[in-house]
Amino acid sequence: QVTFPVDPGKKTLTDGAYAGLAVFRIAAPGTYRIALDAPFWVDVVSDGQLVRSKDFQGAQGCHAPHKIVEFDLSGAHPFTLQFSGARSATARVSITLAPASKF
């Protein structure tokens, strides 16, 4: 029974799928990694718009983490994480600043 502030970026919602929301703030602008231990879709919403992901990686059968998505974020306002299409009612999520690129 989740009402998303913005439609999810991927239409994967099925009957019985779990969804959720979380709000966070960042300390400084940069590229942030959202790591998830379960297979589900994640979006970041800022100012009523989806933030385009910069990169992602994932591994089937891996739970530590299962998926990592990178977003370029800036601003002192709150961001919203939208989780959708999950098969599990619980998930572990971490948000970390990505290391600076060496290129």
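About the thresholds
Residues numbered from 1 in each chain as written. Predicted model: local features only at pLDDT ≥ 70, side-chain atom pairs only at ≥ 80, totals over all residues. Heavy atoms only, no water. Core = buried A, V, L, I, M, F, W, Y, C linked by side-chain atoms within 4.5 Å. Buried < 20%, exposed > 50% of the residue type's maximum accessible area, 1.4 Å probe, protein only. Helix = DSSP H or I, 4+ residues; strand = E, 2+ residues; numbered from the N terminus. Contact = heavy atoms within 4.5 Å. Pairing = 2+ DSSP bridges.

(A) Representation of the nonpolar core. Judged by nonpolar contacts, the single largest core of 17 residues is most densely connected at Phe24, Val42, Val44, Phe71, Leu73 and Leu81. Sorting the residues of this core by element identifies strand E2 (30-36), strand E3 (41-46), strand E6 (67-73) and strand E7 (79-86) as the ones contributing at least two each. Examining the composition of this core, we find that four residues originate from one element, E7, more than from any other. Those residues in contact with Leu73 that lie beyond four places of it in its chain are Phe24, Ile26, Pro29, Gly30, Tyr32, Val44, Val51 and Phe79.

(B) Examining the sheet that holds E3 more closely. Spatial strand order, E1-E7-E3-E4: four strands in an open sheet with antiparallel pairing. Every interior strand has two partners, whereas the edge strands, strand E1 (18-24) and strand E4 (49-50), have only one. The pairing of E1 with E7 spans six bridges and is antiparallel. Counterpart to Gly20 in the pairing with E7 is Phe83.

Function-wise, these values are silent; they only describe arrangement.
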